[in-house]
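# What the coordinates show
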Amino acid sequence: DLLMVSNEHSVDVAFLRDNVFRRNKRLIVFDMDSTLIQTEVIDEMAEVHGVGDEIKAITEAAMNGELDFNESLLQRVGKLKGMEAAKLQNILDNLPLTPGVEEFIKTVQKLGYKLAIISGGFSFFANALKDKFNLNYAFANELEIVDGKLTGNVSGQIVNAEHKATLLNLIAQQESISLEQVVAIGDGANDLPMLSAAGLGIAFHAKEVVKKSAGQHMSHGPMTSILYFLGIPGVESAN
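A brief look at the structure comes next. (Residues numbered from 1 in each chain as written. Predicted model: local features only at pLDDT ≥ 70, side-chain atom pairs only at ≥ 80, totals over all residues. Heavy atoms only, no water.)

## A look at the pairing of strand S3 (residues 137-146)
Quick note on the threshold: Here the rule is simple: two strands pair whenever DSSP picks up at least two bridges between them. Here a strand is any run of E in DSSP of at least two residues, a helix any run of H or I of at least four, and the numbering for each starts at the N terminus. Viewed with both strands pointing away, a crossover whose connecting path from the first strand over the helix to the second turns clockwise is right-handed.
Across 4 bridges, the pairing between strand S2 (residues 114-122) and S3 is parallel. From the neighbouring strand, Ile 117 faces S3, where its bridge partner is Ala 138. Taken together, S2, helix H8 (residues 123-133) and S3 constitute a β-α-β crossover, and its handedness is right-handed. Where S3 folds back onto strand S4 (residues 149-155) in an antiparallel hairpin, the turn is made up of 2 residues, including Asp 147, whose phi is positive at roughly 55°.

Take a look at the structure:
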């Protein structure tokens, strides 16, 4: 009933376990595509390379959990073979940030939170956002580039759903942080294991399949609304 009211009035409602950890979170892990930024980077790359429609269809199916993530990623990256790596910078320069991201990050950083990106996207963009926002960690897939062009292959281990959850656990161990003190924020089916592993997993403006499975979801407000999930009254409270 409350979720129906939530959708009718475009407000977010959350039930949080009121224990010692509710206001004692210390690590926030973000998905990148359609979470920190308002687009899927691979779709932007596809547009530049002239294969937009082909790749968008595969991306949509993968994010809805209809396709194996590894298979879908390799299919999509394969269609980018021959793209000039120099074009990645222009795509990066024009990525639209999600409303409230900068204010949210500054607020939790002032309160001492550690912050990480764990993305099924690409390290070129994840590392740039890490530097831009002075985050602590960034993990993503590595595009193979030879002679200034994409080969259509991915280097190293693919950051899929299971690996996202593994990386979240490793960061928590590295920082000596209990999983109960970890917040994970994502939107796609490949984020579900990561959201489940965290003490607080939030499906942020997520696909329907993710909303149904995640413990909490936020579908209406800017990212600064998540501050209330953390017991932080708002942006000004950290100033």
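Moving on from the coordinates now.
## Comments concerning the pattern of salt bridges
Cut-off, in case you're wondering: Counted as salt bridges are all cases of a side-chain nitrogen of Lys or Arg within 4 Å of a carboxyl oxygen of Asp or Glu. Relative accessibility under 20% of the residue-type maximum defines a buried residue, over 50% an exposed one, and the middle range a partly exposed one, all with a 1.4 Å probe and only protein chains included.
The full count for this structure, using the stated rule, is 4 salt bridges. For the salt bridge of Asp 31 with Lys 164, the shortest nitrogen-to-oxygen distance reads 3.0 Å. Placement of the pair is Asp 31 in the loop between strand S1 (27-30) and helix H2 (32-36) and Lys 164 in helix H9 (residues 161-174), with a sequence separation of 133 residues. A single burial state applies to Asp 31 and to Lys 164, both of which are buried. With its nearest N and O atoms 2.5 Å apart, the salt bridge here joins Lys 164 to Asp 191. Residue Lys 164 is located in helix H9, and its partner Asp 191 is located in the loop between strand S5 (182-186) and helix H10 (192-197); the two are separated by 27 residues in the primary sequence. Looking at Lys 164, the relative accessible area reads 0%, which means it is buried. In this structure, a network of salt bridges that share partners links the residues Asp 31, Lys 164 and Asp 191.

## Describing unusual backbone geometry
Positioned with a positive phi, Ser 34 is a non-glycine residue whose angle comes to about 60°. For Ser 34, the position within the fold is in helix H2. One non-glycine residue, Asp 147, lies in positive phi territory at about 55°. Relative to the helices and strands, Asp 147 is located in the loop between S3 and S4. A relative accessible area of 76% places Asp 147 in the exposed class.

## Some details on the packing of aromatic side chains
Just so we agree on the cut-off: Each pair of aromatic rings taken from Phe, Tyr and Trp, with Trp reduced to its six-membered ring, is defined by centres within 6.5 Å and is described as stacked if the planes are under 30 degrees apart, edge-to-face if over 60, and tilted in the remaining cases.
Scanning the model with the defined rule gives 3 aromatic pairs in all. Measuring from centroid to centroid gives 6.0 Å for Phe 30 and Phe 104, while their planes differ by 85°, and the two rings are edge-to-face. Here Phe 30, found in strand S1, pairs with Phe 104, found in helix H7 (residues 101-110); they are 74 residues apart in sequence, far enough to count as distant. With a relative accessible area of 0%, Phe 30 lands in the buried category.

## Details of the environment of Val 146
By the element assignment, Val 146 lies in strand S3. Linking Val 146 and Glu 84, residues 62 residues apart in sequence, is a C-alpha distance of 9.8 Å.

## Some thoughts on the side chain of Ser 72
What counts, and what does not: Should any heavy atoms of two residues lie within 4.5 Å, those residues are counted as being in contact.
The topology assignment puts Ser 72 in helix H5 (residues 69-78). Residues within four places of Ser 72 in sequence aside, it is in contact with Ile 58, Ala 62 and Leu 67.

## Describing the nonpolar core
Definition in use: Take the buried residues of types Ala, Val, Leu, Ile, Met, Phe, Trp, Tyr and Cys, join any two whose side-chain atoms come within 4.5 Å, and each joined set is a nonpolar core.
Residues Ile 28, Met 45, Phe 104 and Phe 125 are the most contacted members of the largest nonpolar core, which totals 53 residues. In this structure, Met 45 is in contact with Leu 80, Met 83, Leu 88, Ile 91, Phe 122, Phe 125, Leu 143 and Leu 150, ignoring residues within four places of it in sequence. Core analysis: the next-biggest nonpolar cluster, separate from the first, contains 18 residues, Tyr 137, Ile 177, Ala 184 and Ala 203 among them.

## Notes on the pairing of S1
Judged by which residues are buried, S1 turns out to be covered on both faces: Leu 27 and Val 29 on one side and Ile 28 and Phe 30 on the other are all buried. One ladder, built from 4 bridges, connects S1 with S2; its direction is parallel. Bridging from a neighbouring strand, Val 29 pairs with Ala 116 of S2. Pairing between S1 and S5: 4 bridges, direction parallel. Across the sheet, residue Ile 28 finds its bridge partner in S5, namely Val 183.

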